[in-house]
Amino acid sequence: MKVISFYLPQFHPIPENDAWWGKGFTEWTNVAKARPLFAGHHQPHIPADLGFYDLRLEETRIAQAELAREHGISGFCYYHYWFNGKMLLERPFNEVLASGKPDFPFCLCWANENWTRRWDGLDQEVLAEHRYFDYDPLQHADWLVNAFLDQRYIRINGRPLFLVYRADHIPDLVNVVRAWRKKATDKGLPALYLCAVKNNQYALSDADTIKAGFDAIVEFQPNPKDLQGTATNLKLVTMLRWLNCIIDKFKLGNLLEKKTDYVLYDYSKIVEKAIQRPIPVHKTFPCIFPNWDNTSRRQFGITVIQNNDSSLYAKWLADSLRRVSGYEAEEKIVFINAWNEWAEGCHLEPDIQSGRRFLEATRDTLNKFHAIKPDFNV
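Residues numbered from 1 in each chain as written. Predicted model: local features only at pLDDT ≥ 70, side-chain atom pairs only at ≥ 80, totals over all residues. Heavy atoms only, no water.

A. Quick look at the pattern of salt bridges. In the structure shown here, the tally under the stated rule is 26 salt bridges. Here Asp364 ties to Arg363 by a salt bridge, and the two come within 3.2 Å at their closest N and O atoms. Judged by relative accessible area, Arg363 falls into the partly exposed class, the value being 27%. Via salt bridges that share partners, Glu27, Arg297 and Glu344 belong to a single interconnected network. (Salt bridge = Lys/Arg side-chain N within 4 Å of Asp/Glu carboxyl O. Buried < 20%, exposed > 50% of the residue type's maximum accessible area, 1.4 Å probe, protein only.)

Here's what the structure looks like:
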């Protein structure tokens, strides 16, 4: 059984972020400035054990891996930002690859979305664009093979595991997949094990995704489609949006703070809906999350999925393990979003409020699963 956690390599300054957001910007800039929106709101998220780290430091990356291994995490899935030969946020992973440290399994997910200002809630200005008309899959695969050949790289029956965040964005997808596979086999690797990440905007059906050459699908969470019926303050939000429209129309000034425009979702209902979903026809790897809250990133249109109960998270993890228990041994995989998405309030790394509760719940659930028959429920 593998539990793989998505890993964000954002926590170090880069020239591009200096230019776009200001000198020295990292995700910590947003995380530290967040403030509570309502009584009991868990903001800001302040890191505990590892502090406000810098991913340029090898000591930090080693400490992360040790903490993850101690609590049953099988490996990290690093986000990989490739723009036709130019990479962003590449330094942490490149140093992991070059140094051989930490000695901890990993795979890659090509985060092939444009970088825009959308996530700050302001506008759609494109900062870094994917130009598929001149995308060279062989050039890309040639770089990827260096990672695939590493002894730490996660493989399924010998096949390197590679995720694509928006496979539906790639024109001529079938031939791109063939080119990736050919480059890998030309370098002496077995066929790649390809996974398409399915989020709420994903445009391909599961059947078309598999037909395009993918081996499996990762059900990325949270998915807004799965949040329907779980909001707790939707009527209030609707009223505030209506009032803001009137204020804007008649130019009455900033009478309402737009950051009141947040939707609070019930994590327990999300878990129950996830558990009740039928198992998909095509090979699918579940994805779960402990919390999710983009207050630190957005000025309005905020989503808060706050969970203070690690047993609910454990219940979801247990069900996800059950769902893959019938797969072949090396395909028994559950993904977790995320190891360190601090600006989305979505992290297994300890903070000062929750400590290691969610890490401990991960370890304990895995131990319980391995101790008794695979069809257990909690």
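From this point, things continue past the structure.
B. Quick look at the packing of helix 10 (residues 310-324) against helix 11 (residues 357-371). Running from amino to carboxyl end, helix 10 crosses helix 11 at an angle of 35°, the nearest separation of the two axes being 9 Å. Of the two elements, helix 10 crosses helix 11, and the hand of that crossing is right-handed. Between helix 10 and helix 11, the contacting residues are Ser310, Tyr313, Ala314, Leu317, Ala318, Leu321 and Arg322 on the first element and Arg357, Phe358, Ala361, Thr362, Thr365, Leu366 and Phe369 on the second. For the contact of helix 10 with helix 11, the residue count by class is nine nonpolar, three polar and two charged. (Axes fitted to C-alpha atoms, helices over the stretch in contact; angles between N-to-C directions. Helix = DSSP H or I, 4+ residues; strand = E, 2+ residues; numbered from the N terminus. Left-handed = near helix turned anticlockwise from the far one by under 90°. Contact = heavy atoms within 4.5 Å. Nonpolar A, V, L, I, M, F, W, Y, C, P; charged D, E, K, R; others polar.)

C. Expanded view of helix 5 (residues 137-148). Helix length check: helix 5, at 12 residues, gives a terminal C-alpha distance of 15 Å against a target of 16 Å (1.5 Å per residue), a fit within 8%. The opening residue of helix 5 is Asp136, an N-cap whose side-chain oxygen sits 3.0 Å from the backbone nitrogen of Leu138. (Expected span 1.5 Å × (residues − 1). Polar contact = N/O pair within 3.5 Å; in protein donor to acceptor, adjacent residues only side chain to side chain.)

D. Structural detail: the packing of helix 5 against helix 6 (residues 173-186). One way to put it is that helix 5 packs onto helix 6 with a least axis distance of 9 Å and a crossing angle of 40°. By the criterion of interaxial angle, the relationship of helix 5 to helix 6 is oblique. With respect to the hand of their crossing, helix 5 and helix 6 are arranged in right-handed fashion. Residues Pro137, Leu138, His140, Ala141, Asp142 and Val145 of helix 5 touch helix 6, and the partners they reach there are Val176, Ala179, Trp180, Lys183 and Ala184. Partitioned by chemical class, the residues of the contact of helix 5 with helix 6 number eight nonpolar, one polar and two charged. (Parallel < 35°, antiparallel > 145°, perpendicular 65-115°, else oblique.)

E. Just the sheet that holds strand 11 (residues 262-266), in detail. One open sheet holds the three strands; their spatial order is 11-15-14, and the pairing between them is mixed. The open sheet has two edge strands with one neighbour each: strand 11 and strand 14 (292-293). Where strand 14 and strand 15 (residues 302-306) come together, two bridges link them in antiparallel fashion. When the sheet's bridge partners are listed, Asp293 is paired in strand 15 with Val304. Of the strands in this sheet, strand 11 and strand 15 are in contact with helix 9 (residues 267-276), which crosses strand 11 at around 55°. (Pairing = 2+ DSSP bridges.)

F. Examining helix 3 (residues 58-70) more closely. Between its first and last C-alpha atoms helix 3 spans 18 Å; for 13 residues at 1.5 Å apiece the expected length is 18 Å, and the two agree. Turning to helix 3, its buried residues number three or more, namely Thr60, Arg61, Gln64, Ala65, Leu67 and Ala68. Down the axis of helix 3, the buried set is contained in an arc of 165°. They therefore lie on one face. Looking at the packing, one finds that the buried side of helix 3 touches strand 1 (2-7), strand 2 (75-83), helix 4 (91-99), strand 17 (340-341) and helix 11. One or two residues past the end of helix 3 sits Gly72, with phi positive at roughly 90°. (Arc of directions from axis to C-beta.)

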